Amino acid sequence: MAKNSLIGGSIWEEYSQKVQDLMNHPQNMGELTEDDAKNEGGKLIIADFGAESCGDAVRLYWIVDEATEVIKQAKFKSFGCGTAIASSDTMAELCKGKTVSEAVKITNIDVEKAMRDTPDVPAVPPQKMHCSVMAYDVIKAAAASYKGVDAASFEDDVIVCECARVSLGTIKEVIKINNLKTIEEITNYTKAGAFCKSCIKPGGHEAREHYLVDILRDTRAEMDHDHLLAISDSKIEGSNTVNFDDLTVVKKFQQIEAVIDENIRPMLVMDGGNLEILDIKEGGDGMSDVYIRYLGACSGCASSSTGTLFAIEAVLQEKLSKNIRILPV
């Protein structure tokens, strides 16, 4: 019976030809036994994984050379849809010839890309990406069995998007670094939410602990808080509420230079003059003595040691501290 008489032709068009071929003619389906392992001179590993989201399950068989940890043979059994069979078959093929440690690095994206007919066209529709995730998870289960560890030990962070294997830490970091503001931007940068979409918000085919909408909201709130805190700290540092005398000489120099740049230097430059700060010393009377040198027209100006000097000192005392004293050199 023709495909189009069973389901819409447009649905079939979302599957690559490789996937369709593997659905009907998987190359690695079957099982491996202890006798097979003995003949290959390796150790038999059997691992199971079931996906509650779709009712599928897969069993993975490995024969591992214990001397090199290379996977010499890999087969699978799958109880699920055609996409699960194709994904599991591809996963088993990718495992062959790799060490156990290398196999753990095979992701669901690697499985999906291996099933593509052309590099830029997805092999399966988004809602079927979870099938390749199941293939990835059973690899972890097999590796954990071989190494005698828990499968969770292979995860460095909480996974938010199972389809693209994107972690919570990665999503938060990308939002902050790139100042992302929408779910669409997160998807463009990380691929999270690009496939089954269950991780975007509650209501998808699988309940999640973390959703992109919440991560975006909370991370943006974090960013806003940090930004406001930085502004507040900056204003406090530049205001009279800061104990200027407790600052380091470097900090004092920076604050004085900033006030001069904003409030004093423009007026001096307009008259063909300028000034530079030479040194800051703590006076015995608790004053901060700021030694300056006039430049340009100011160096020969009669008011530089009277009115101009007092004006500079008054501005710095108003903006920073009453304990500032200006001394021309």
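Only a predicted model underlies this, so the values are computations on that prediction, with no experimental measurement involved.

Enquirer: Account for the packing of aromatic side chains, with residues named and values stated.
Expert: A complete count under the given rule lists zero aromatic pairs for this structure. The ring of Tyr 291 carries the charged tip of Lys 281 above its face, separated from the ring centre by 5.8 Å.

Enquirer: Give me helix 8 (residues 129–147): which residues, what numbers.
Expert: The end-to-end C-alpha separation of helix 8 is 28 Å, in line with the 27 Å expected for 19 residues at 1.5 Å each. Counted residue by residue, helix 8 has 16 buried out of 19 residues, so it is predominantly covered. One or two positions beyond helix 8, positive phi appears at Gly 148, with a value near 70°.

Enquirer: Go over the UniProt feature "binding site: Fe cation" (unreviewed entry) in the chain, please, and point to the residues and values.
Expert: In the numbering used here, UniProt assigns the feature "binding site: Fe cation" (unreviewed entry) to Cys 54, Cys 81 and Cys 131. Here Cys 81 is to be found in the loop between strand 3 (70–79) and helix 5 (82–95). We classify Cys 81 as partly exposed; its relative accessible area is 21%. Cys 81 has contacts with Asp 56, Lys 128 and Cys 131, leaving out every residue within four places of it along the chain.

Enquirer: Can you break down the nonpolar core residue by residue, with the values?
Expert: Core analysis: the largest hydrophobic core is formed by 57 residues, its most contacted members being Trp 62, Cys 95, Ile 171 and Leu 212. Among the elements that line this core, the one with the most residues is helix 8, at nine residues. Ignoring anything within four residues of it in the chain, the contact list for Ile 171 reads Val 160, Val 166, Ile 186, Ala 192, Leu 212 and Ile 215. One finds Ile 264, Ile 277, Cys 298 and Leu 309 within the second-largest nonpolar core, a separate group that totals 19 residues.

Enquirer: Which residues make up the packing of helix 3 (residues 17–24) against helix 5, and what values do they have?
Expert: It is at 8 Å that the axes of helix 3 and helix 5 come closest, and there the two elements cross at 95°. On the basis of their axis angle, the class for helix 3 and helix 5 is roughly perpendicular. Residue-level inspection shows Val 19, Leu 22 and Met 23 of helix 3 in contact with helix 5, the latter providing Gly 82, Thr 83, Ile 85, Ala 86, Asp 89 and Thr 90. Partitioned by chemical class, the residues of the contact of helix 3 with helix 5 number five nonpolar, three polar and one charged.

Enquirer: Can you lay out the sheet that holds strand 7 (residues 288–296) for me, pointing to particular residues and giving the numbers?
Expert: On the basis of which strands lie adjacent, the open sheet formed by three strands has the order 6-7-8 and mixed pairing. Looking along the sheet, the strands with just one partner apiece sit at the ends: strand 6 (273–282) and strand 8 (324–328). The sheet shows a mean angle of 30° between the axes of neighbouring strands, direction not considered. Where strand 6 and strand 7 come together, nine bridges link them in antiparallel fashion. In the sheet register, Lys 281 faces strand 7, and the bridge partner there is Asp 289. Helix-sheet contacts for helix 12 (residues 249–270) involve strand 6, strand 7 and strand 8, and the interaxial angle to strand 6 is about 160°.

Enquirer: Give a description of the side chain of Thr 90 that names residues and reports values.
Expert: Its location among the elements puts Thr 90 in helix 5. In this structure Thr 90 comes out as buried when scored by relative accessible area, which is 8%. Discounting chain neighbours no more than four positions away, the residues touching Thr 90 are Leu 22, Val 111, Ala 114 and Met 115.

Enquirer: Explain the pairing of strand 2 (residues 56–65) to me, and be specific about the residues and the numbers.
Expert: In terms of burial, strand 2 is largely enclosed, as eight of its 10 residues are buried. Relative to strand 3, strand 2 is paired through nine bridges, and the arrangement is antiparallel. The residue of strand 3 that forms the bridge with Tyr 61 is Lys 75. Here strand 2 folds back onto strand 3 in antiparallel fashion, the turn holding four residues, of which Glu 69 has a positive phi close to 65°.

Enquirer: Report on unusual backbone geometry, specifying residues and quantitative values.
Expert: Even without glycine at this site, Asn 179 takes up a positive phi of about 55°. Relative to the helices and strands, Asn 179 is located in the loop between helix 9 (168–178) and helix 10 (183–190). When its relative accessible area of 38% is taken as the criterion, Asn 179 is described as partly exposed. One non-glycine residue, Lys 197, lies in positive phi territory at about 70°. Within the element layout of this structure, Lys 197 appears in the loop between helix 10 and helix 11 (212–237). Accessibility expressed as a relative area gives 46% for Lys 197, which makes it partly exposed.

Cut-offs and rules
- Residues numbered from 1 in each chain as written.
- Predicted model: local features only at pLDDT ≥ 70, side-chain atom pairs only at ≥ 80, totals over all residues.
- Heavy atoms only, no water.
- Phe/Tyr/Trp six-rings, centres within 6.5 Å; stacked < 30°, edge-to-face > 60°.
- Lys NZ or Arg CZ within 6 Å of the ring centre and 35° of its normal.
- Helix = DSSP H or I, 4+ residues; strand = E, 2+ residues; numbered from the N terminus.
- Expected span 1.5 Å × (residues − 1).
- Buried < 20%, exposed > 50% of the residue type's maximum accessible area, 1.4 Å probe, protein only.
- UniProt positions renumbered as here; feature names shortened; annotations may be inferred.
- Contact = heavy atoms within 4.5 Å.
- Core = buried A, V, L, I, M, F, W, Y, C linked by side-chain atoms within 4.5 Å.
- Axes fitted to C-alpha atoms, helices over the stretch in contact; angles between N-to-C directions.
- Parallel < 35°, antiparallel > 145°, perpendicular 65-115°, else oblique.
- Nonpolar A, V, L, I, M, F, W, Y, C, P; charged D, E, K, R; others polar.
- Pairing = 2+ DSSP bridges.

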